[in-house]
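So the chains spell out like this:
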Amino acid sequence: MLAEISVQNVALIEEATLELAPGLNAITGETGAGKTLLATSLQMLLGGRARAEAVRAGADRATIEGTFFLPDGVAEKMLSESLGDLAEEIDAGDGLVLRRTLTREGRSRCFIGGVSVPVKALSSLGVRLVSYHGQRDQARLVEPAAQTNILDDFLDADALRAKGDLAGLWAKVEGDRRELAELLSSSEARVREVEFLRYQVAELEEAGHGGEAEVTELTRERDRLRNVTDLLAAAAAASAALSGEGGGAADAVARAGSELERAARYDEKLLGLEGRIAGLSAELEDVAYELASYLNDLEADPNRLEVVEDRLQVLRALERKYGPDVESYLEEARARLLRLENFEEETAGLEARISRGEAELEGIAETLSTGRGRAAEELSRKVQDNLGDLNLGGTTFRAELLPVALGPGGRQRAEFMIRTNPGEPELPVRKYASGGELSRVMLAIRLAQGRVEPGATYVFDEVDAGIGGETATAVGHKLRELGARNQVLTITHLPQIASEATSHVVVQKAETDGRTTTQIRKVEDEERRRELARMLSGRVDEASLAHARELLVGQGADGSR
């Protein structure tokens, strides 16, 4: 439940803290006092749309903070399912604290348990913490999709599983259908593509593109061959210096070695130098041999440069035509060609897969339809019982299942039917119900729903429009009944509903230092009676106070009965 909400600098609210109680909490006040600002602030806190205009004039930022207390184990489960791995960073041991700030520039920051989170995460958690119902929600009640979703809240485990399986399998079958349609759409285009792919594959296979390694190696060889004259001159000069006519370095070192070998016979100290000279002589001979081979290779094929240049041009042309990764393109082209050449086999396989999928869809849809039949009976029975308690005893309600073409949601949709008076025709809710009846039908449905999160809070924002008298009293009783199961916040103009609350909050406008502000305060005892008297007659006098006392008969100071 929502234990406390603090609002700073939101529109007319400069600063307000509202402590809420379990059960039914009533929020009342004059029209235009700012009651809906509380609901708006709560929606923003729970990830709803935030506009920069919501920041109070003269303030830099608006801040909304709320503290929720949930039954043991519920907070951890809710956080894990809503936030995934992010939930591990959040400690909800002392209550779950949500906070959102909004700057005048429109920048918004969201926090859960002190941890910064995206607004989507706040919204994902918010829909499980609070079930919000306003007059717009009443209008949505007439939409077939909304009615079907409400009905599906009453599905048993098997039907719920079938609903999920149906949606997943439908997506797969639709994918196969699109693929088959693409294959069948233009056989002429397929023939042209086959011919084109065959040409490309043949061209690439004949060219034999060796990839980046071949290009790199050829580029090195080209650069070498382009400078062959300088290379020949340098290599020849080096070779001559080593072993040219008239003696070179190799001969000079060999002579030095012979002299040291003769001298070492008389002085062993020279043996080390003689060995080193012998090593140098062998190394110089090896270098001279390799230089001679290098010179022979350079002179062996004078046309090699032209061959290398031509090959590089071919490879670069292929890359310009097919992209930098020619080898990958060839693999993909081969695979596509194989698929198109095996067209009949592939289409037969797709058709068989679609046929199996459609048969499976039929079976799953039948399971879902059976479950929806049971759900419709349960919903109709529970709503009918609740309508009697809401002063609509002469109204009958029925959730009807209408056939539709098989789709991801099954082969049925829900249509809520009512008969407001005996003898009148039964018609869809969207065609028959008045605003007041819609309010009560919606409330009857909400009371019937049993899949609400444990500890979650209901917010009813002026959904009592169009009702009064005994009907208002009946609605108040039912809201109090709902409050026994889940915390309820109701923004109301009706004293019959407000008198049923366990906690009563009044919203008022005031002027401070020449500025209008919205103030929020909890009322009890005499203050509460005076507020109910104002709601009853628009003024506070003995008659209205007496009526207010009658409404509160049997309630203690804490509002309990």
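Use the structure listed above.
Report on the accompanying structure. Everything numeric in this text was worked out from a predicted model, so none of it was measured. (Residues numbered from 1 in each chain as written. Predicted model: local features only at pLDDT ≥ 70, side-chain atom pairs only at ≥ 80, totals over all residues. Heavy atoms only, no water.)

**Things to note about the overall build of the chain**
Heads up, the condition is: Numbered from the N terminus, helices here are DSSP runs of H or I no shorter than four residues, and strands are runs of E no shorter than two. Restricting the calculation to C-alpha atoms gives the radius of gyration, and the globule rule supplies 2.2 Å times the number of residues raised to the power 0.38. Burial status follows relative accessibility: with a 1.4 Å probe on protein chains alone, a residue under 20% of its type maximum counts as buried, one over 50% as exposed, and anything between as partly exposed. Only heavy atoms enter the contact rule, under which two residues are in contact if any of them lie within 4.5 Å. All accessible-area figures derive from a Shrake-Rupley calculation using a 1.4 Å probe, and residue coverage is judged against the displayed protein chains alone. Positive charges come from Lys and Arg alone, negative charges from Asp and Glu alone, with His and the N- and C-terminal ends not counted. The atom standing in for a charge is NZ when the residue is Lys, CZ when it is Arg, CG when it is Asp and CD when it is Glu.
A count of helices and strands for the chain gives 20 helices and 15 strands. For the chain, the C-alpha radius of gyration of 43 Å lies well beyond 24 Å, the compact-globule estimate for 561 residues. Principal-axis analysis of the C-alpha atoms gives the chain an extent of 140 × 65 × 45 Å. Evaluated residue by residue, the chain yields a buried proportion of 43% over its 561 residues. Counting contacts in the chain only where the partners sit at least 6 residues apart, residues at least 24 apart contribute 70% of the total. Just so you have it, the chain exposes about 29200 Å², and 49% of that area is on carbon and sulfur atoms. Of the charged side chains in the chain, 69 are positive and 98 negative; the average position of the first set lies 8 Å away from that of the second.

**Let's talk about the pattern of salt bridges**
Should the charged atoms of two oppositely charged side chains come close, the side chains can pair. Worth spelling out the cut-off: What counts as a salt bridge is simple: a side-chain nitrogen of Lys or Arg found within 4 Å of a carboxyl oxygen of Asp or Glu.
Tallying each qualifying case throughout the model produces 29 salt bridges. Put simply, Glu481 and Lys478 hold a salt bridge, and the shortest N to O gap is 2.9 Å. In this pair, Glu481 and Lys478 both sit in helix H17 (residues 469-483), 3 residues apart, roughly one turn of the helix. When its relative accessible area of 42% is taken as the criterion, Glu481 is described as partly exposed. You can call Lys478 buried: its relative accessible area is 3%. The residue Arg539 makes a salt bridge to Asp541 at a minimum N-O spacing of 2.8 Å. On the basis of relative accessibility, which here comes to 24%, the residue Asp541 falls in the partly exposed class. Counted as one network, the salt bridges with shared partners bring together Glu30, Glu531 and Arg534.

**Some details on the packing of helix H6 (residues 157-185) against helix H14 (residues 343-389)**
Note the threshold: Lines fitted to C-alpha atoms define the axes here, with helix axes fitted over just the stretch in contact, and angles between the N-to-C directions of these axes take values from 0 to 180 degrees. In this scheme, roughly parallel covers angles under 35 degrees and roughly antiparallel covers those over 145, while 65 to 115 is roughly perpendicular and the rest are oblique. In a left-handed crossing the near helix is turned counterclockwise from the far helix by less than a right angle, and in a right-handed crossing that turn is clockwise. Residues are sorted three ways: Asp, Glu, Lys and Arg are charged, Ala, Val, Leu, Ile, Met, Phe, Trp, Tyr, Cys and Pro are nonpolar, and all the rest, Gly among them, are polar.
The interhelical angle for the contact between H6 and H14, taken along N-to-C directions, is 155°, at an axis separation of 8 Å. Classified by the interaxial angle, the pair formed by H6 and H14 is roughly antiparallel. Two packed elements cross with a definite hand, and for H6 against H14 that hand is left-handed. Residues belonging to the contact of H6 with H14 are distributed by class as follows: 16 nonpolar, 4 polar and 12 charged.

**Section: the packing of helix H19 (residues 525-537) against helix H20 (residues 542-551)**
Across the interface, H19 lies against H20 with an axial gap of 8 Å and an inter-helix angle of 115°. With respect to H20, the element H19 is oriented roughly perpendicular. In the crossing of H19 with H20, the sense of the turn from one axis to the other is right-handed. Of the residues in H20, those touching H19 at Glu526, Arg529, Arg530, Leu532, Ala533, Leu536 and Ser537 are Ser544, Leu545, His547, Ala548, Arg549 and Leu551. Residues that form the contact of H19 with H20 fall into these classes: 6 nonpolar, 3 polar and 4 charged.

**Considering the environment of Ser439**
Here Ser439 lies in helix H16 (residues 435-448). Judged by relative accessible area, which is 5%, Ser439 ranks as buried.

**A few points about the sheet that holds strand S3 (residues 24-28)**
Operational definition: By the convention used here, strands pair only if DSSP detects at least 2 bridges between them.
With mixed pairing, the 6 strands of this open sheet are ordered in space as S8-S12-S13-S3-S14-S15. Edge positions in the sheet fall to strand S8 (130-134) and strand S15 (515-522), since each has one partner strand and no second. On average, adjacent strands in this sheet sit at an angle of 15° to one another, irrespective of strand direction. Summarising the sheet, S3 and strand S14 (residues 503-512) pair through 4 bridges and their orientation is parallel. Bridging from a neighbouring strand, Ile27 pairs with Val505 of S14. Packing against the sheet, H17 makes contact with S3, strand S12 (457-461) and strand S13 (487-491), and its axis sits at approximately 145° to S13. Packing of H19 onto the sheet brings it into contact with S3, S14 and S15, and relative to S14 it is tilted by some 80°.

**Concerning the pairing of strand S9 (residues 396-407)**
Note that S9 and strand S10 (residues 410-419) share 9 bridges and pair antiparallel. Bridge pairing in S10 places Pro403 opposite Gln412. The loop that links S9 with its antiparallel partner S10 comprises 2 residues.

**Section: the nonpolar core**
To be explicit about the condition: Definition used in this section: a nonpolar core is a set of buried Ala, Val, Leu, Ile, Met, Phe, Trp, Tyr and Cys residues joined via side-chain atoms within 4.5 Å.
By size, the foremost hydrophobic cluster in this structure holds 61 residues, and its most contacted members are Leu141, Leu379, Val383, Phe397, Phe416, Phe460 and Leu479. Looking at this core, the element that brings in the most residues is H14, giving 12 residues. Residues contacting Phe460, with those up to four places away along its chain left out, are His133, Met442, Leu443, Arg446, Leu479, Leu482, Val488, Leu489, Thr490 and Ile491. Formed by 51 residues, the second largest nonpolar core is a distinct cluster that contains Leu2, Val7, Leu38 and Val74.

**Details of helix H8 (residues 211-226)**
Along an α-helix, a turn takes 3.6 residues, which lines up residues three or four apart on a common side. Where we set the bar: Each residue after the first adds 1.5 Å to the expected span of a helix. In this context, the arc is that of the directions from the helix axis out to the C-beta atoms.
An ideal rise of 1.5 Å per residue puts 22 Å on 16 residues; H8 measures up with 23 Å between its terminal C-alpha atoms. Every buried residue of H8 is listed here: Gly211, Val215, Leu218, Glu221, Arg222 and Leu225. Taken down its axis, H8 places every buried residue within 135° of arc, on the same side. Looking at H8, the residues exposed on the side facing more than 90 degrees away from the buried face are Glu212, Ala213 and Arg220.

**Regarding the sheet that holds S9**
Paired through backbone hydrogen bonds, the strands of a sheet run either parallel or antiparallel to each other. Pairing in this open sheet of 3 strands is antiparallel, and the strands run S9-S10-S11 from one edge to the other. If you trace the sheet from one side to the other, it starts and ends with S9 and strand S11 (427-428), each paired once. Of the strand pairs in this sheet, S10 and S11 are connected by 2 bridges, and their pairing is antiparallel. Considered in S11, the bridge of Met417 is made with Pro428. The strands touched by H14 are S9 and S10; relative to S9, the strand with the most contacts, the crossing angle is about 165°.

**A short note on helix H1 (residues 35-45)**
With 8 of 11 residues buried, H1 is to be regarded as a mostly interior element. Just past H1, the residue Gly47 takes up positive phi, approximately 95°.

**Concerning the packing of aromatic side chains**
For clarity, the threshold we go by: By convention, a stacked pair of Phe, Tyr or Trp rings (six-membered ring in the case of Trp) has centres within 6.5 Å and planes under 30 degrees apart, an edge-to-face pair has planes over 60 apart, and any other such pair is tilted. Counting as a charge over the ring demands two things of the Lys NZ or Arg CZ atom: a distance within 6 Å of the ring centre and an angle within 35 degrees of the ring normal.
On inspection of all chains with the given rule, the structure shows 3 aromatic pairs. Aromatic pair Tyr458 and Phe460: ring centres 5.8 Å apart, planes at 20°, arrangement stacked. Relative accessible area serves as the criterion here: at 1%, Phe460 is assigned to the buried category. Taking NZ or CZ as reference, Arg99 lies 4.3 Å from the ring centre of Phe111, over its face. Note that Arg177 overlies the ring of Trp170, its terminal NZ or CZ placed 5.1 Å from the centroid.

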